[in-house]
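# Structure at a glance
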Amino acid sequence: MVLGAGCSAVSEATAIASHLWNLVQLSYSSASPALSDKKKYQKFYRVFPPESSFNPAKISLLHAFNWKKVGTLTEAQVELFALTTSDFLEKAPSHGIEILTSESFSNDPREKVRNLKRHSVRVIVGNFYENKARVIFCEAYKEKMYGPKYAWIITGFYTRMWWKNKDVNFPHDCTVEQLEEAIQGYFTADANPNSLSQSPGISGKTYDQFAAKYSERTSNVNKTAYQEAPYGYDSVWAIASMLNRSQQEMELNGWDRRLENFTYQDTEMADLFLRLMNSTQFQGVSGPVMFDEKGDRRGLTQIEQLQDNTEVRVGVYDPSVRVEQIHWEPGRPIHWIGGHPPADSITEKIVPKVISIGLFFTMTTLSALGIVLSFLFLVFNIRYRHQKYIKMSSPNLNNVILMGAILAFTAIIFSGIDSSLVSLEASLVMCKCYNWTLSLGFSLAFGAMFSKTWRVHKIFTNKKFQRMVIKDYQLLGIVCIQVGLDVVVLSVWEALDPLHIVFLNHPLEQVTDPHNDNQVLIPQSRYCESAHMWYFAGILYAIKGLLLLFGAFLAFETRKVTVPALNDSKFIGVSLYNVVILCMIGVPVALMMKEEVDACYTLISLFIFFATTLTICLVFIPKIIHRNKPPHPGNMWNKSAESAAAHRTMLGTGLNDLDAKDIESLREENENLKTSLREVLKWLRQCVGNTLR
Ligand SMILES: NCCCC(=O)O
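Residues numbered from 1 in each chain as written. Predicted model: local features only at pLDDT ≥ 70, side-chain atom pairs only at ≥ 80, totals over all residues. Heavy atoms only, no water.

The name an unreviewed UniProt entry gives the protein chain is Gamma-aminobutyric acid type B receptor subunit 2, with Ridgeia piscesae as the organism. What UniProt records for the protein chain under Subcellular location (unreviewed entry) is the sentence "Cell membrane". (UniProt positions renumbered as here; feature names shortened; annotations may be inferred.)

Next up, the structure:
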């Protein structure tokens, strides 16, 4: 018989040939799953289990800590590891384990370590020799892939203090201390080297007695040798037991030859050896020794953990027990660096990008103030609608302007009610309400303002001085047409291509949850969108753009009309520039800042607020100022004839008391009034002149 080899590579090279000499070969240490190939290695046995036989124990370990997502890292050019990993990859999914990534390398593992990190792997099952392990853990140290968030399960047959060794072919640039920091807590699954039985086995020794003898006889403290010694010892016993039984069998069956007569051509005797090897069963110092149909040892698997630079057995896995679970060693708890097992993956939590509540309340308060202001102007407008100055400024249309402003302010409130405040369904309704209120508000406010100016324009540009009467209801009709257009476009939009909520995740903006290291927060934007929204929005923008253009034209045309009560052209002009500039800046900036929810909301809300407030203030504040001006003879629009006469008298009597500055001011006002009078006469000529003639 052949005893050996130790390493798989040597066993493979010899076992492929030894059977041709009718030799049975028994290895005490070779772990490659390739050696289980009975066609290739016909008379090969081993007392050391194949590395792949530890996979069920590794899977059991994963289950024990609820690790369902793992990555693998394999030294692929070594068959021992390649086959072990492929067996693991084959078994894992049927045990509910997801492989996040399976990385293989031949020489340099560093890039593959980084790949594991890229795939957010937290639990790594590694199959590689210790020279590569040093490079791998050095890279893991640099990439911070160790500590409380990571678990490594690696090969268990490395030499003692393997991280302190050097290999000139595979150098690394980490210090021993750095490596020690990176490797703390790793797990190994390996053959259990000692029998759990306290009674002596075939050799007449218990494991402890054997170990004591071994230590006594050898000064070799190399862990591998020490760990594998029981297998070597049991291998010799397996051979002896088999040869012993074969001699007995030959005698029993009346063979004419004995063991010492064996020749390399004696196939009959080799077959007998094989048969008896298959039926080998005894209690060794490494536990029960028996071989399966592939000649592999079936035995216990030990789970070890590196604790304070020492591999400590924390559990034993017995594949022969029906309930395949690890028997944890009493009194040897697992050391968790973070106090608990790491999570198997980074969980992703979607965090909606919503408008901050403080901002919403600020903008809503502003909008509410805008609405209150609009109502105050409305009260003023209704209350003084019969006074000439107000009457001549078309109070009905001014009311419509205020209704538009109220809708625009309401739109700001709708735009801030998102999914942080109401359900998704309700936030979609808010989205639609925003579209409607803003669009209708614009049409009402600017439609009324521009149609009012259009009337002034029609009257003052009437070259033939014909009588021209344009009634309020006609102007209101123009506003209704604009509103109607909005209603049609918005209704068709709603019917054909309704808005819906679109979710957009931003994985590049993800951050670690400050309360949970194993969770990343992925911002998610939520938009109201529809497939062809830009067509419908485009139509609305075009209508409103034309309205603004028309308003600009009217404001320019009526710029010389100086009857303040009649003409808002200067104010319309200011409102118009204001709206155009805000739209030109606001729309593209808001589109570009779409992802920045708060900034976008602030920008749009402030623009709407500013444009609307300025517009109504420009229309109404001059009227209020005019209404509250101290009465004097020139202020002819806001007082009764009697009070005007009284004031004239008062002014006349006190004329001597006036200083030169007052006189100059009065003179200036007189000039203004003359100009106004000329305009009024011109207007009157148009209104009544034709009739009088
Ligand atoms: N027990 C260590 C095995 C190594 C190898 O099979 O090459």
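### Thoughts on the site of the ligand
Cys7, Ser8, Ser29, Ser30, Ala31, Phe48, Leu80, Tyr129, Phe157 and Glu228 make up every residue found near the ligand. Interatomic distance of 2.8 Å between a backbone N/O atom of Ala31 and an oxygen atom of the ligand. Within the side chain of Tyr129, a nitrogen or oxygen atom sits 3.2 Å from an oxygen atom of the ligand. For the ligand, the protein covers 95% of the area, taking 250 Å² as the surface of the free molecule. (Near = heavy atom within 4 Å. Polar contact = N/O pair within 3.5 Å; in protein donor to acceptor, adjacent residues only side chain to side chain. Areas by Shrake-Rupley, 256 points an atom, 1.4 Å probe, with all protein chains shown as cover.)

### Some remarks on helix α2 (residues 55-64)
Across the 10 residues of α2, 7 count as buried, placing the element largely inside the fold. Those residues of α2 that sit buried are Asn55, Ala57, Lys58, Ile59, Ser60, Leu61 and Leu62. After α2 finishes, the residue Asn66 shows a positive phi value of roughly 60°. (Buried < 20%, exposed > 50% of the residue type's maximum accessible area, 1.4 Å probe, protein only. Helix = DSSP H or I, 4+ residues; strand = E, 2+ residues; numbered from the N terminus.)

### Looking at the pattern of salt bridges
Applying the stated criterion across every chain yields a total of 23 salt bridges. Across the pair Lys132 and Glu75 runs a salt bridge, and its minimum N-O distance is 2.5 Å. Of this pair, Lys132 sits in helix α5 (residues 130-142) while Glu75 is found in strand β4 (residues 69-75), placing the two residues 57 residues apart along the sequence. Between Arg118 and Glu111 there is a salt bridge, with the nearest N and O atoms lying 3.1 Å from each other. Put simply, Glu111, Arg114, Arg118 and Glu139 are held in one network by salt bridges that share partners. (Salt bridge = Lys/Arg side-chain N within 4 Å of Asp/Glu carboxyl O.)

### Considering helix α6 (residues 176-183)
For α6, the complete set of buried residues consists of Leu179, Glu180, Ala182 and Ile183. Each buried residue of α6 sits inside an arc of 165° when the element is viewed along its axis, so together they form one side. The inward-facing, buried residues of α6 abut α5 and β11 (301-307). One or two residues past the end of α6 sits Gly185, with phi positive at roughly 90°. (Arc of directions from axis to C-beta. Contact = heavy atoms within 4.5 Å.)

### Description of the packing of helix α13 (residues 424-460) against helix α17 (residues 597-628)
The contact between α13 and α17 brings their axes to 12 Å, and the two run at 25°. Here α17 runs roughly parallel to α13, going by the angle between their axes. Where α13 crosses over α17, the two elements pack in a sense that is left-handed. Taking contact as the criterion, the partners of Tyr434, Leu438, Phe446, Met449 and Lys452 in α13 are, on α17, Ile604, Ile608, Thr615 and Val619. A class-by-class count of the residues in the contact of α13 with α17 yields 7 nonpolar, 1 polar and 1 charged. (Axes fitted to C-alpha atoms, helices over the stretch in contact; angles between N-to-C directions. Parallel < 35°, antiparallel > 145°, perpendicular 65-115°, else oblique. Left-handed = near helix turned anticlockwise from the far one by under 90°. Nonpolar A, V, L, I, M, F, W, Y, C, P; charged D, E, K, R; others polar.)

### What to know about the sheet that holds strand β2 (residues 25-27)
Pairing within the open sheet is parallel, and its 3 strands lie in the order β1-β2-β3. The sheet is open, and its two edges are formed by β1 (2-3) and β3 (44-46), each paired on a single side. Here β1 pairs with β2 via 2 bridges, running parallel. By the bridge assignment for β2, Val2 is matched with Gln25. Those strands touched by helix α1 (residues 8-18) are β2 and β3, and its axis lies near 160° from that of β2. (Pairing = 2+ DSSP bridges.)

### Considering the nonpolar core
Counting 55 residues, the largest nonpolar core has Phe446, Phe450 and Ile616 as its most contacted members. The set of elements that each furnish at least two residues to this core consists of α10 (357-383), α12 (395-416), α13, α14 (472-496), α15 (533-557), α16 (569-592) and α17. The residues contacting Ile616, other than those within four sequence positions of it, are Leu373, Ser374, Phe377, Ile401, Leu402, Ala405, Phe409 and Ile621. The next biggest cluster of nonpolar side chains, apart from the first, holds 47 residues, and it includes Phe48, Ile59, Leu61 and Ile97. (Core = buried A, V, L, I, M, F, W, Y, C linked by side-chain atoms within 4.5 Å.)

### A look at the environment of Glu111
Following the sequence through the fold, Glu111 ends up in helix α4 (residues 110-118). A relative accessible area of 35% places Glu111 in the partly exposed class. Measuring from C-alpha to C-alpha, the distance between Glu111 and Ile136 comes to 9.6 Å, with 25 residues separating the pair along the chain. Within the structure, Glu111 has its side chain in polar contact with the side chain of Arg114 (distance 2.8 Å). Of note is the side chain of Glu111, whose polar atom sits 3.1 Å from the side chain of Arg118.

### Some words on the packing of aromatic side chains
Under the defined criterion, the tally for this structure stands at 34 aromatic pairs. Residues Trp67 and Trp336 carry aromatic rings whose centres are separated by 5.9 Å and whose planes lie at 90° to one another, so their mutual orientation is edge-to-face. Of this pair, Trp67 sits in the loop between α2 and β4 while Trp336 sits in the loop between β13 (326-328) and β14 (347-352); the two residues are 269 residues apart in sequence, bridging distant segments of the chain. With a centroid separation of 6.4 Å and 45° between ring planes, the pair formed by Tyr207 and Phe210 is classed as tilted. (Phe/Tyr/Trp six-rings, centres within 6.5 Å; stacked < 30°, edge-to-face > 60°.)

### Some thoughts on a nonpolar patch on the surface
Side chains of Trp534, Tyr541, Val587 and Leu591 sit close together on the surface and give an oily, nonpolar patch of about 420 Å² of accessible area. Every element with two or more residues in the nonpolar patch is listed here: α15 and α16. (Patch = residues over 30% accessible without salt bridge, like charges linked within 9 Å, V, L, I, M, F, W, Y side chains within 5 Å.)

### Some thoughts on the side chain of Ser235
With respect to the secondary-structure elements, Ser235 resides in helix α8 (residues 223-252). Given the relative accessible area of 0%, Ser235 is considered buried.

### A word on the state of the cysteines
Across all of its chains, the model carries 2 disulfides by this definition. The residue that forms a disulfide with Cys138 is Cys174, at a sulfur-sulfur distance of 2.0 Å. Linking Cys138 and Cys174, the disulfide has an S-S dihedral of approximately 80° and is accordingly described as right-handed. Taken together, the positions of Cys138 in helix α5 and Cys174 in the loop between β7 (151-155) and α6 put the pair 36 residues apart, joining distant regions of the chain. (Disulfide = S-S within 2.5 Å.)

### Digging into the packing of α2 against helix α3 (residues 79-91)
Put simply, α2 and α3 touch, their axes get as near as 10 Å, and they point 50° apart. Classified by the angle between their axes, α2 and α3 sit oblique to one another. Every pair of crossing elements has a handedness; the one defined by α2 and α3 is right-handed. Contact residues: Asn55, Ile59 and Leu62 in α2; Thr84, Asp87, Phe88 and Lys91 in α3.

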